[in-house]
Each structure stands twice: as structure tokens, then as C-alpha cells.
Amino acid sequence: METTQLDLANVIEESLKKSLSYQDYRTLLSRLVEENATTGTNQSEALINYTALNDRRMKRWDKTVKISDEDIDAIKNATVNQTWIVLAESWCGDAAHVIPVINKVAELNTGINLQLVMRDENEQLMDLFLTNGGKSIPKLIQFDNTTKTVLNSYGPRPTEATKLVNDFKKKNGTLTAEFKEDLQRWYNKDKGQNVIKDLIELIY
């Protein structure tokens, strides 16, 4: 059954009732680390460890992400009235690299309201924004507050990282542990710049 814009707006409104600001999300991660826990129903040791790792990653990106003067001007000069809803979970490595950068961009424009929602608590919303049939996160949904319509979606990875992943999958079928380590190195080298460029394209 086709989802209408009205249905979609209603699903988004319901999800926003359970949403967190970026600061609240960061507080949640820090608390989960203290409690030796993770978001979601799967409290496996691996996911708990990933949550702890991601908390450290996000702390680092919060301090080190830099946006050029040119990009700052572009972000500030965009006339928008939008909510950016980001589907995430604390154990997701891509989310830990991407969301702090999204936050840095959103902070520069008062017309952007960033809200985070948990993927597994918002299945109806997630199912409307699948990536190649999968529930890949983080997924940013660009919602126009005036028209109550979805303008676009973004994620789970920046464009350059997406190409790296797709090329590797095409050649090898699945992502190996070695490739995932290479991807982490790519994020560390890129320092959020690809995400910044992608988001500027999103708002223009």
C-alpha cells in the first residue's frame, strides 16, 4: 500500500514524540557506558562494547570537527525551516562518526531542528526509509516544517564512503573485518568534511 505524504507526516509526528536532542542523546550514551548497557533489546557484550567505543568517538568528534569559513557561510545563509530526524542506535559505528558532524552543521542554522530517534523503537518510520531493503543507520530524514513534507533523506554513510562500500561489495560480496577497519581509517582521515559537503547540498 502506497504511503501518502499525510501518512508519512503522521508517522514522523509520532516518532518525534519519542525524540532526543543531540545533547540528550550524548547524555544517554554516557549513561549507558556507566551502566554497561546499550540501546535496543539486544544487550550483547559486543553491542555494549561498541556503545562504549562510540561514546569515545563522539566525544572526540565533538571537539575536533572543523567547518571552513566558506562552508559556515553557506550553512548560515540557507533559508530553511526544517526538522532533521536521524534514526540511530548507540552501537552503530557509522552513526558515531556521522551524527556529531550533522549536529555541528545543524547548530549553525536556527532553521534546522535536529532530533534523534531510536531505530528499533520506530520500526514504522525506519521501514519507510530503507537502504537497498535494509535498516541501515544513521538515516537522516529532511522534513519541511511548513509544508509537512519530506524533502529528502541521507545516509547511512557520506557519499564517498558509500562508494567505497558499494565498490567493495560489488567485488567481494560482503564487507570483511579488514574493510571495516579501512572504513574507520577513512572516517578519521576525512574528519567529517564529506558529510559537511553532502549536507550543504541537501539544504540547497
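Going by the structure above, here's the rest.
Calculation criteria
- Residues numbered from 1 in each chain as written.
- Predicted model: local features only at pLDDT ≥ 70, side-chain atom pairs only at ≥ 80, totals over all residues.
- Heavy atoms only, no water.
- Helix = DSSP H or I, 4+ residues; strand = E, 2+ residues; numbered from the N terminus.
- Rg over C-alpha atoms; globule rule 2.2 N^0.38 Å.
- Buried < 20%, exposed > 50% of the residue type's maximum accessible area, 1.4 Å probe, protein only.
- Contact = heavy atoms within 4.5 Å.
- Lys, Arg positive; Asp, Glu negative; His and termini not counted.
- Charge placed at Lys NZ, Arg CZ, Asp CG, Glu CD.
- Phe/Tyr/Trp six-rings, centres within 6.5 Å; stacked < 30°, edge-to-face > 60°.
- Lys NZ or Arg CZ within 6 Å of the ring centre and 35° of its normal.
- Pairing = 2+ DSSP bridges.
- Axes fitted to C-alpha atoms, helices over the stretch in contact; angles between N-to-C directions.
- Core = buried A, V, L, I, M, F, W, Y, C linked by side-chain atoms within 4.5 Å.
- Polar contact = N/O pair within 3.5 Å; in protein donor to acceptor, adjacent residues only side chain to side chain.
- Right-handed = clockwise from strand over helix to strand, strands pointing away.

> Could you clarify how one ought to interpret the overall build of the chain in this entry?
Of regular secondary structure, the chain possesses nine helices and four strands. Walking the chain from its N terminus toward its C terminus, one meets helices and strands in the order α-α-α-α-β-α-β-α-β-β-α-α-α. Relative to the compact-globule value of 17 Å for 204 residues, the chain shows a C-alpha radius of gyration of 17 Å, a close match. The principal-axis extents of the C-alpha atoms in the chain amount to approximately 45 × 40 × 40 Å. Per-residue burial for the chain yields a buried fraction of 47% across its 204 residues. Counting only contacts in the chain whose residues sit at least 6 apart along the sequence, the fraction spanning at least 24 positions is 76%. A gap of 5 Å separates the mean positions of the 26 positive and 30 negative side-chain charges of the chain.

> Help me out: how do you make sense of unusual backbone geometry in this one?
Most peptide bonds are trans, and most residues other than glycine sit at a negative phi. With omega at 5°, the peptide bond leading from I137 into P138 counts as cis. With respect to the element layout, P138 can be found in the loop between α6 (123–127) and β3 (139–144). If you check the backbone angles, N36 has positive phi at about 55° while not being a glycine. Here N36 is to be found in the loop between α2 (22–34) and α3 (45–64). Note on N36: relative accessible area 54%, which makes it exposed. Even without being glycine, K191 reaches a positive phi, approximately 55°.

> Sorry if this is basic, but what is going on with the packing of aromatic side chains here?
In this description, a pair of aromatic rings is defined by centroid distance and the angle of the planes. Scanning the entire structure with this criterion turns up two aromatic pairs. Between W186 and Y187, the ring centres sit 5.3 Å apart and the planes meet at 70°, which makes this aromatic pair edge-to-face. Taken as a pair, W186 and Y187 share a single burial class, namely buried. Directly above the aromatic system of W61 lies the positively charged group of R60, at a separation of 5.0 Å from the ring centroid.

> Which parts of the structure should I look at to understand the sheet that holds β3?
Strand pairing within a sheet occurs via backbone hydrogen bonds; the two strands may be parallel or antiparallel. Read across the sheet, four strands follow the order β2-β1-β3-β4 without closing on themselves; strand pairing throughout is mixed. The open sheet has two edge strands, β2 (112–118) and β4 (149–154), and neither has a second partner. This sheet shows a mean twist of 25° between the axes of neighbouring strands, independent of strand direction. Bridge analysis of strand β1 (residues 82–88) against β2 gives seven bridges, and the strand direction is parallel. The residue bridging I85 from the neighbouring strand is Q115, located in β2. Sheet strands in contact with helix α9 (residues 193–203) are β1, β2, β3 and β4, and its direction is about 160° off that of β4.

> Before we go on, may I ask you to explain the environment of A74 in this structure?
Inspection of the secondary structure puts A74 in helix α4 (residues 69–76). For the pair A74 and L32, spaced 42 residues apart in sequence, the C-alpha to C-alpha distance is 36 Å.

> Please clarify how the nonpolar core should be interpreted in this entry.
One broad trend across soluble globular proteins is that nonpolar side chains are buried collectively. Counting 59 residues, the largest nonpolar core has W84, I102, L125 and L199 as its most contacted members. With eight residues, helix α5 (residues 93–107) is the largest single contributor of residues to this core. Setting aside chain neighbours within four positions, we find I102 in contact with W84, V86, L114, L140, V195 and L199.

> Would you mind showing me how to read the side chain of N194 here?
For N194, the position within the fold is in helix α9. At 2.8 Å, the side chain of N194 forms a polar contact with the backbone nitrogen of E160. In contact with N194, other than residues within four places in its own chain, are P158, T159, E160, A161 and W186.

> What is the right way to read the pairing of β2 from this model?
Working note: regular strand, side chains alternate between the two faces of the sheet. The buried count for β2 comes to six of seven residues, which makes it a mostly enclosed element. Traced from β1 through α5 to β2, the parallel crossover comes out right-handed.

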